[in-house]
Amino acid sequence: MCGIVGYIGNKKAAPILLEGLSALEYRGYDSAGIAVLENNKIITKKDKGRVSNLASIVTPCNLKGSIGIAHTRWATHGIPSMENSHPHLDNSSSFGVVHNGIIENYNDIKLFLIENGYNFLSQTDTEVIPNLIHYHFKNTVSNYQDKFLASVKSAVSELKGSYAIEVISPLFPDKIIVVRKDSPLVIGIANGENYIASDIPAILPYTKNFYFLDDNEFAVISKNTVKFYDNNLLEHKKETKLINWDASSAGKNGYDDYMLKEIYEQPDVIAETIKTRFSMPNNNYFDNLDFSKEYLESLNNIYIVACGTAMHAGLVGKNVIENLCRIPVEVDIASEFRYRNPIVNDKTLCIYISQSGETADTIAALKLAKSKGAKTLAISNVFGSSITREADYTIYTHAGPEIAVASTKAYSAQVILITIFAMYLAEVLGTISSEDISKLKLEITELPKKLETILNDTTQIKKFAKIVCTEKDMFFLGRNIDYCTALEGSLKLKEISYIHSEAYASGELKHGPIALIENGITVIGIITNPELVEKSLSNIQEVITRGAKTLVITNQSLPNNNIDNIIKIPETHPLLAPILSIIPLQLLSYYIAKSKELDVDKPRNLAKSVTVE
Ligand code: F6R
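Residues numbered from 1 in each chain as written. Predicted model: local features only at pLDDT ≥ 70, side-chain atom pairs only at ≥ 80, totals over all residues. Heavy atoms only, no water.

K.L.:
Explain empty space enclosed by the protein to me, please; I cannot follow it from the model alone.
P.N.:
Space left empty within the atom packing is revealed by a probe, the size of a water molecule, rolled over the atoms. Summed over the entire model, instances satisfying the criterion amount to two cavities of 30 Å³ or more. Here the largest cavity is characterised by a volume of approximately 210 Å³. Lining the largest cavity are 24 residues, with Asp-199, Ile-200, Pro-201, Ser-356 and Val-382 positioned closest to its centre. The residue inventory of the lining of the largest cavity, partitioned by class, reads 12 nonpolar, six polar and six charged. If you count residues domain by domain, the lining of the largest cavity takes at least three from each of domain 1 (3-244) and domain 2 (253-445). Of the pockets and cavities examined, the second largest cavity occupies roughly 80 Å³. (1 Å grid on protein atoms, 1.4 Å probe; cavity = no way out; pocket = protein on both sides within 12 Å on 5 of 7 lines; lining within 4 Å. Points joined across faces, edges and corners; volume = space filled by probe spheres on them. Nonpolar A, V, L, I, M, F, W, Y, C, P; charged D, E, K, R; others polar. Domains from an automatic or database assignment.)

K.L.:
Help me out: how do you make sense of the packing of aromatic side chains in this one?
P.N.:
What describes a pair of aromatic rings is the distance from one ring centre to the other and the angle between the planes of the rings. Applying the stated criterion across every chain, the model contains 23 aromatic pairs. Where Phe-137 meets Phe-172, the ring centres are 6.0 Å apart and the plane angle is 90°; that geometry is what we call edge-to-face. With Phe-137 in helix H4 (residues 128-139) and Phe-172 in the loop between strand E7 (161-168) and strand E8 (176-181), this residue pair connects regions lying 35 residues apart in the sequence. The pair formed by Phe-137 and Phe-172 is uniform in burial state, with each residue classed as buried. Through a chain of ring-to-ring contacts, the aromatic side chains of Phe-286, Phe-291, Tyr-295, Tyr-393, Phe-421 and Tyr-424 assemble into a single cluster. Directly above the aromatic system of Phe-228 lies the positively charged group of Lys-238, at a separation of 5.7 Å from the ring centroid. If you follow Lys-375 out to its NZ or CZ, it ends over the ring of Tyr-295, 4.3 Å from the centre. (Phe/Tyr/Trp six-rings, centres within 6.5 Å; stacked < 30°, edge-to-face > 60°. Helix = DSSP H or I, 4+ residues; strand = E, 2+ residues; numbered from the N terminus. Buried < 20%, exposed > 50% of the residue type's maximum accessible area, 1.4 Å probe, protein only. Lys NZ or Arg CZ within 6 Å of the ring centre and 35° of its normal.)

K.L.:
Sorry, what's going on with the sheet that holds strand E16 (residues 301-306) here?
P.N.:
In any sheet, the strands associate via hydrogen bonds between backbone groups, in a parallel or an antiparallel arrangement. A sheet is described by the order of its strands in space; here five strands give the open sequence E17-E16-E18-E19-E20, paired in parallel fashion. On the outer flanks of this sheet lie strand E17 (329-333) and strand E20 (393-396), each paired with one strand and no other. Averaged over neighbouring strand pairs, the angle between their axes works out to 20° when direction is ignored. Strand direction decides the pairing type here: strand E18 (residues 348-354) and strand E19 (residues 375-380), joined by six bridges, are parallel. The partner of Ile-351 across the bridge, within E19, is Leu-377. Strand contacts of helix H11 (residues 360-371): E16, E18 and E19, with the helix running at about 165° to E18, the strand carrying the most contacts. Along the sheet, helix H13 (residues 409-429) makes contact with E16, E18, E19 and E20, crossing E18 at roughly 160°. (Pairing = 2+ DSSP bridges. Axes fitted to C-alpha atoms, helices over the stretch in contact; angles between N-to-C directions. Contact = heavy atoms within 4.5 Å.)

K.L.:
I keep staring at the site of the ligand and nothing clicks. Help me out?
P.N.:
Around the ligand, a shell composed of 13 residues is seen, among which Ser-354, Gln-355, Ser-356, Thr-359 and Glu-495 lie nearest. The fraction of the free accessible surface of the ligand (410 Å²) that becomes covered by protein chains is 89%. Its atoms largely coinciding with the cavity grid, the ligand occupies the second largest pocket. Broken down by secondary-structure element, the contributors of at least two residues to the shell around the ligand are helix H9 (308-325) and helix H17 (481-497). The biggest single contributor to the shell around the ligand is H9, with three residues. Here the shell around the ligand is composed, by residue class, of four nonpolar, seven polar and two charged. (Near = heavy atom within 4 Å. Areas by Shrake-Rupley, 256 points an atom, 1.4 Å probe, with all protein chains shown as cover. Sits in = over half its atoms within 2 Å of the grid points.)

K.L.:
I tried to follow the side chain of His-88 on my own but got confused; where do I start?
P.N.:
Mapped onto the elements of the fold, His-88 is located in strand E5 (residues 88-89). In this structure the side chain of His-88 is engaged in a polar contact, spanning 3.3 Å, whose partner is the backbone oxygen of Ser-85. Other than its neighbours up to four places away in sequence, His-88 contacts Lys-46, Glu-83, Phe-95, Gly-96, Val-97, Ser-122, Thr-124, Thr-126, Glu-127 and Pro-130. (Polar contact = N/O pair within 3.5 Å; in protein donor to acceptor, adjacent residues only side chain to side chain.)

K.L.:
How do you make sense of the sheet that holds strand E1 (residues 3-8) when you look at a structure like this?
P.N.:
Read across the sheet, eight strands follow the order E3-E2-E4-E1-E10-E9-E11-E15 without closing on themselves; strand pairing throughout is antiparallel. Edge positions in the sheet fall to strand E3 (41-48) and strand E15 (241-242), since each has one partner strand and no second. Looking at chain direction, strand E9 (residues 186-190) and strand E11 (residues 209-212) are connected through three bridges and run antiparallel. When the sheet's bridge partners are listed, Val-186 is paired in E11 with Phe-212. The strands touched by helix H1 (residues 13-23) within the sheet are E1, strand E2 (31-38), strand E4 (67-73) and strand E10 (193-197), with E2 carrying the most contacts at an inclination of about 155°.

K.L.:
What is the right way to read H1 from this model?
P.N.:
The periodicity of an α-helix, 3.6 residues per turn, causes residues three or four positions apart to be oriented the same way. Those residues of H1 that fall on the buried side of the exposure criterion are Ala-13, Ala-14, Ile-16, Leu-17, Leu-18, Gly-20 and Leu-21. In this structure, the buried side of H1 is in contact with E1, E2, helix H2 (51-58), E4 and E10.

K.L.:
Whenever I open this one, the pattern of salt bridges confuses me. Can you help?
P.N.:
Where side chains of opposite charge bring their charged atoms close, a pairing between them can arise. Enumeration over the complete set of coordinates arrives at 23 salt bridges. Put simply, Lys-181 and Asp-182 hold a salt bridge, and the shortest N to O gap is 3.6 Å. When its relative accessible area of 26% is taken as the criterion, Asp-182 is described as partly exposed. A salt bridge links Lys-492 to Glu-488; the nearest nitrogen and oxygen atoms lie 2.5 Å apart. With Lys-492 and Glu-488 both in helix H17 and four residues apart, the pair spans about one turn of that helix. (Salt bridge = Lys/Arg side-chain N within 4 Å of Asp/Glu carboxyl O.)

K.L.:
Would you explain the packing of H9 against H17 in this entry?
P.N.:
In a pair of packed helices, the angle between the axes and the distance between the axes together describe the arrangement. Where H9 meets H17, the closest approach of the two axes is 9 Å, and the angle between their N-to-C directions is 175°. As judged from the angle between their axes, H9 and H17 are roughly antiparallel. Of the residues in H17, those touching H9 at Gly-308, Thr-309, His-312, Leu-315, Val-316, Asn-319 and Val-320 are Ile-481, Cys-484, Leu-487, Glu-488, Leu-491 and Lys-492. Within the contact of H9 with H17, the residues separate by chemical class into seven nonpolar, four polar and two charged. (Parallel < 35°, antiparallel > 145°, perpendicular 65-115°, else oblique.)

K.L.:
Is there a simple way to think about the packing of helix H14 (residues 434-445) against helix H15 (residues 447-456) in this case?
P.N.:
For the pair H14 and H15, the least separation of the axes is 4 Å and the interaxial angle reads 40°. The angle between H14 and H15 falls in the class oblique. For the pair H14 and H15, the contacting residues are Glu-443, Ile-444 and Thr-445 in the first and Leu-447, Pro-448 and Lys-450 in the second. The residue makeup of the contact of H14 with H15, split by class, is three nonpolar, one polar and two charged.

K.L.:
Quick question: what am I supposed to make of H2 here?
P.N.:
All buried positions along H2 are accounted for by Val-51, Leu-54 and Val-58. Down the axis of H2, the smallest arc covering the buried residues is 55°, so these residues share one side. Close packing links the buried residues of H2 with H1, E2, E3 and E4. (Arc of directions from axis to C-beta.)

K.L.:
Would you mind going over the layout of surface pockets with me for this structure?
P.N.:
Space inside the largest pocket adds up to approximately 630 Å³. Surrounding the largest pocket, 28 residues form its lining, Trp-245, Thr-397, His-398, Ala-399 and Gly-400 being those nearest its centre. Going through the elements one at a time, helix H7 (266-278) and E20 are the ones with two or more residues in the lining of the largest pocket. Take the lining of the largest pocket: its biggest share by element is five residues, from H7. Broken down by class, the residue content of the lining of the largest pocket amounts to 10 nonpolar, 11 polar and seven charged. For the lining of the largest pocket, the two domains that each supply at least three residues are domain 1 (3-244) and domain 2 (253-445). In this structure, the second largest pocket spans a volume of roughly 510 Å³. Cys-307, Gly-308, Ala-607, Lys-608 and Val-610 are, among the 24 residues lining the second largest pocket, the residues nearest its centre. Sorting the residues of the lining of the second largest pocket by element identifies H9, E18, H11 and H17 as the ones contributing at least two each. Per-element accounting of the lining of the second largest pocket gives the leading share, three residues, to H9. Looking at the lining of the second largest pocket, its residues break down into 10 nonpolar, 10 polar and four charged.

Right under this line is the structure:
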């Protein structure tokens, strides 16, 4: 989705803006642009295509201005083109704007502005914003001390939809104004200079001190100050937050791709999550959660709501919570949940999982549950992200910045965190014996080493990837918790290798999809639950009989029975198996995509942070 960067200080803005845009490339985009203030003018450079293309236009110009805004655009209104790229200016070139989000009522505003003599050069919704600011600047705003801020505010109060906006003006050459609603924006504070971005990693090389802008909050940023205003333009103070991510953790560290680096970071990510949770005083795991036994016993059910990979982590969470706590758990896709009038009330606990914490559907689904009286818990990787500010409670995964579009380490972190959360619930409810908790804890602490064992020998996976990289279709099969892994493995394959695949609960195959099994088709089975080995093997035999080429990922000793490839992973507690069994599947997708020479980190059409519906 669109990305925003801004800079105000003493240095040349253009190189900093370009670097910030490069760091935001992973969000997904099709055009890029910057605007800097120079000689009392807004100088704009923009085009469709990559940031490297923009850099080749900007760099020879040697722009000297030290205030600027920048944008990567993920096209919604209007094709990717130079005209539709941001920044956009008003007709008099007095205001320059970049915008992330969607202005739903832009057509009405555009008609109004056309009636008032304004022209439009692009098909975007965004272009109405600078012109509307100009309209208010000329016509309605008079008696405010700060006319710039008041004009921005008047314009913004007419907008419907979602937005994070940066505005510059040569009439006010020492400030940038920003405002947001339902789209992310952070402000990074440094000495005599300030930075703005959609995401923390874009400006992590410059600062670790951040302000997180709230919805409907304005900030007027100069090089030495940041002033905050509410919707009535009343000034208020705000605390900075220290983000302890290492700038190098946002780099590739010698790996070919972010995705591979992030796959290999999983032992550390899991170790860090375990360390943080198991070292809490009084074995409490989460010092900010205070669910009482009475409250938990009063619950009719738990919802876990999320999108994509995060939803798959929720499916694992369902298995673990239901097993350990005996509370019914329903997992829902956020974009469905929000429109299906779900049965939610004060007897429902709603859990929202989101790596970015900015996924529009997940946030909307959370707001809905809150409005119906449910308690809400967010699981997020990004401190201060929108979802964490909406939820009643937040618990954080400590995965560090995840840059590759395809989620890997954040998924594992979500799975381990929700597992520990399930243990917490089970202990409060008294549905687990202390012996079982100790066993589970022991198995959990052994996970990082077991993950390393898998990552240290990838020969078989690479070989299999070479064999199947030209396929058009594949199937993934698993039962119970292994079905969750099958779904996630199938999603990874689709996302980065562009191979169509279906994940099925093994026992369901014969109720229809087995009709698609024919000679040579690849079927990948996941078999980790000792109690279901025989049943799962029977399902694999059914596809072998029909000519399928098979790969089975297992922690059990299986009879070969004509299975073409068996990848053995370490044994663990059945509820923890997904954390290990997903690794070969992540690697398989990665190596298939590499064999096909695809852009692993930036798969086509996808965005890292899906901030629109
Ligand atoms: C898949 C992937 C997506 C995200 C989904 C939710 O690899 O990354 O399916 O999981 O878009 O994103 P978050 O977790 O940021 O809400």
